[in-house]
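# Inside the fold
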Amino acid sequence: MIRLDKILAHMGYGSRKEVKELIRKGYVSINGDIVKNDDYKVDELNDEIIIFDNNIKYDEFIYLMLNKPQGVVSATTDYNNSTVLDLIDGYEKRNLFPIGRLDIDTEGLLILTNDGELSHKLLSPKNHVSKTYYLEYEGKLNKNYEKMLEEGLLISEGYKCLPAKLNLLGDNKAEIIITEGKFHQVKRMIEALGGNVTYLKRIKFKNLELDSNLKLGEYRKLTKEEIDKLREE
Ligand code: URA
């Protein structure tokens, strides 16, 4: 059971104060009866909650796909910069956090959730979740790049990468698929091949592609099918 005003605020219908007002004004009904008492406790899984004629389905977990722009950090708080959470409206109380990190100057697919268990699974190094990036670079890449990537590229500080795949698209553009997520990993890999990344965008995370309808800074909820895909072993 959960307080009615809490659920409505969690669902993004306003601040706790605003939703209390909506309840008092009679905009909310439970199982067909108008309820004007904001501390009314609802059974979030079985009661039918209707606000402004919308039937509410309470989701314990939230999953959002964000097209991250440059200039924001993939963190929940930061002293110097805006964070990805500053781009999200209406979920302030839902304890969202990004699954993994993109550099401040990297764009593209970032999933935000409050599902710690799924996040942990997707980030666990032993699960080798694949990530695909589109990149543009300066310089000339080593012509043995395929073999070097297959064998495990040696990047700065002596780290040997897991095998990765690079598809050159011509004109100093490429796509790279990696299955780990070390700090500045793609930039360091391209550097080890003789290039310098000038633009980086994540276009796929595991089996989920960035929705091409999302402009930079825009986000949407994942569909049930997409959440199931992320959960697939
Ligand atoms: N690799 C990088 O170098 N930067 C990112 O943001 C992601 C992968």
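Up top is the structure.
These remarks concern the structure in this document. (Residues numbered from 1 in each chain as written. Predicted model: local features only at pLDDT ≥ 70, side-chain atom pairs only at ≥ 80, totals over all residues. Heavy atoms only, no water.)

For the protein chain, the helix and strand inventory stands at six helices and 19 strands. Relative to a compact globule of 233 residues, whose C-alpha radius of gyration would be 17 Å, the protein chain shows 22 Å and is clearly more extended. Counting over 233 residues, the protein chain shows a buried share of 43%. Within the protein chain, counting contacts between residues at least 6 apart in sequence, those at least 24 apart form 64% of the total. Taking the 36 positively charged and 40 negatively charged side chains of the protein chain as two groups, their mean positions are separated by 2 Å. (Helix = DSSP H or I, 4+ residues; strand = E, 2+ residues; numbered from the N terminus. Rg over C-alpha atoms; globule rule 2.2 N^0.38 Å. Buried < 20%, exposed > 50% of the residue type's maximum accessible area, 1.4 Å probe, protein only. Contact = heavy atoms within 4.5 Å. Lys, Arg positive; Asp, Glu negative; His and termini not counted. Charge placed at Lys NZ, Arg CZ, Asp CG, Glu CD.)

This paragraph deals with the sheet that holds strand β5 (residues 49-51). Read from one edge to the other, the open sheet built from four strands follows the order β3-β2-β5-β6, with strand pairing classed as antiparallel. Either end of the sheet is taken by a strand with one partner, and the two such strands are β3 (33-34) and β6 (54-56). Note: strand β2 (residues 28-30) against β5, three bridges, orientation antiparallel. Bridge pairing links valine 28 to isoleucine 51 in β5. (Pairing = 2+ DSSP bridges.)

Counted residue by residue, helix α5 (residues 185-192) has six buried out of eight residues, so it is predominantly covered. Here α5 has its buried residues at Gln185, Val186, Lys187, Arg188, Met189 and Ile190. Glycine 194 sits one or two residues past α5 and shows a positive phi near 105 degrees.

This next bit is on the nonpolar core. Within the largest apolar cluster, 31 residues are counted, with the highest numbers of intra-cluster contacts made by Leu135, Leu149, Leu166, Ile176, Val186, Met189 and Ile190. Elements with a contribution of two residues or more to this core: β7 (63-68), β11 (106-113), β12 (131-139), α4 (145-151), β16 (173-178), α5 and β17 (195-205). Residue contributions to this core reach at least three from each of two domains, namely domain 2 (63-125 + 211-231) and domain 3 (130-205). Leaving out residues up to four positions away in the same chain, leucine 149 has contacts with Leu162, Pro163, Ala164, Leu166, Met189 and Leu193. Among the nonpolar cores identified, the runner-up in size contains 16 residues, and Ile23, Val35, Ile56 and Tyr58 belong to it. (Core = buried A, V, L, I, M, F, W, Y, C linked by side-chain atoms within 4.5 Å. Domains from an automatic or database assignment.)

Okay, the environment of asparagine 142 next. Checked against the element boundaries, asparagine 142 lands in the loop between β12 and α4. Each C-alpha atom of the pair asparagine 142 and glutamate 233 lies 35 Å from the other, and the pair is 91 residues apart in sequence. Among the polar contacts listed, one links the side chain of asparagine 142 to the backbone nitrogen of asparagine 144, at a separation of 2.8 Å. (Polar contact = N/O pair within 3.5 Å; in protein donor to acceptor, adjacent residues only side chain to side chain.)

Tallied over the full model, the rule gives two aromatic pairs. Taking 6.0 Å as the distance between ring centres and 65 degrees as the angle between the ring planes, the aromatic pair formed by tyrosine 134 and tyrosine 199 counts as edge-to-face. Of this pair, tyrosine 134 sits in strand β12 while tyrosine 199 sits in strand β17, placing them 65 residues apart in sequence. Relative accessible area serves as the criterion here: at 17%, tyrosine 134 is assigned to the buried category. On the accessibility criterion, tyrosine 199 (21% relative accessible area) is partly exposed. (Phe/Tyr/Trp six-rings, centres within 6.5 Å; stacked < 30°, edge-to-face > 60°.)

Further remarks concern the site of the ligand. What surrounds the ligand is the set Leu102, Asp103, Thr106, Tyr133, His184, Gln185, Val186, Lys187 and Leu200. Residue histidine 184 places a main-chain N or O atom 3.3 Å away from an oxygen atom belonging to the ligand. Residue contributions to the shell around the ligand peak at three residues, all from α5. Of the residues in the shell around the ligand, the class split is four nonpolar, three polar and two charged. Split by domain, the residues of the shell around the ligand number at least three in each of domain 2 (63-125 + 211-231) and domain 3 (130-205). (Near = heavy atom within 4 Å. Nonpolar A, V, L, I, M, F, W, Y, C, P; charged D, E, K, R; others polar.)

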